[in-house]
Amino acid sequence: MAVEPLSQKEIEDRLAELPGWSLDGDRLTRSYRLSSHFAATAMVVHIAQVQEELDHHSDLTLGYNTVSLTVHTHSAGGAVTEKDVELARRVSELAPGHGAE
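Here is a short report on the structure shown in this document. Residue positions are given per chain, counted from 1 along the sequence in the order it is written. Restriction of local features to residues with pLDDT of at least 70 applies here, the model being predicted, together with a cutoff of 80 or more for giving and counting side-chain atom pairs; totals for whole chains, interfaces and linings are based on all residues. Computation of side-chain values covers all heavy atoms of the structure but excludes hydrogens and water.

Now for the overall build of the chain. Counting its regular elements, the chain contains three helices and four strands. Computation of the radius of gyration draws on C-alpha atoms, with the globule rule given as 2.2 Å multiplied by the number of residues to the power 0.38. The globule rule puts the C-alpha radius of gyration for 101 residues at 13 Å, and the 13 Å found for the chain is close to it. When the backbone C-alpha atoms are referred to their principal axes, the chain occupies close to 40 × 25 × 20 Å. When checking whether two residues touch, look at their non-hydrogen atoms; a contact exists if any pair is within 4.5 Å. The contacts of the chain with a sequence gap of at least 6 include a subset with a gap of at least 24, amounting to 65%. Entry remark: accessible area of the chain is about 5,700 Å², with carbon and sulfur atoms responsible for 52%. Counting rule for charge: Lys and Arg are taken as positive, Asp and Glu as negative, and neither His nor the chain ends is counted. A single reference atom marks each charge: NZ on Lys, CZ on Arg, CG on Asp, CD on Glu. Side-chain charges of the chain comprise 8 positive and 16 negative groups, with the mean position of each set lying 3 Å from the other. In this description a helix means any DSSP run of H or I spanning at least four residues, a strand means any run of E spanning at least two, and both kinds are numbered starting from the N terminus. Per-residue and other accessible areas were derived by the Shrake-Rupley procedure at a 1.4 Å probe size, with only the shown protein chains allowed to occlude residues.

Encoded structure:
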């Protein structure tokens with residue numbers, strides 16, 4: 001089954017429900033600051049578990065005490081889809097448990 005790109009309006013509506021996330025070109029993006037490198041690393045591992053569950057993977061960058069994500073759907077021509085929104089939602093739900101801001 002093909003994954004359909006979201007319209008600009010649909011993306012804006014979804015982003016209104018995802019504080020801290022934004023649209024950068026054709027990708028959803030978000031960066032988190034954590035208390036330490038270890039905390040950031042633990043969050044990356046947790047995000048990787050969620051990505052495996054969803055079978056949808058983002059560009060995930062680990063900094064000293066930061067985690068950044070860039071999400072879009074390759075099979076939809078690099079557009080934003082519901083799969084991206086679901087991944088962003090799941091990451092937003094797990095972030096507080098890691099002390100991420």
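Here the narrative resumes, following the displayed structure.
Here the focus is helix α2 (residues 37-54). Residues that lie three or four places apart on an α-helix share one face, since the helix turns once every 3.6 residues. Multiplying 1.5 Å by the helix residue count minus one yields the expected span of that helix. Over its 18 residues, α2 runs 26 Å from end to end, which matches the ideal 26 Å to within 8%, given 1.5 Å per residue. Only protein chains enter the accessibility calculation, which uses a 1.4 Å probe; a residue whose area is less than 20% of its type maximum is buried, one above 50% is exposed, and one in between is partly exposed. Turning to α2, its buried residues are A39, A40, M43, V44, I47, V50 and Q51. Viewed along the axis of α2, the buried residues span an arc of 140°, placing them on a single side of the element. Across from the buried face of α2, at angles greater than 90 degrees, the exposed residues are F38, E52 and E53. Residues of α2 that are buried sit in contact with β2 (27-33), β3 (59-62), β4 (66-71) and α3 (82-94). Summarising the geometry, the arc corresponds to the directions from the helix axis toward the C-beta atoms.

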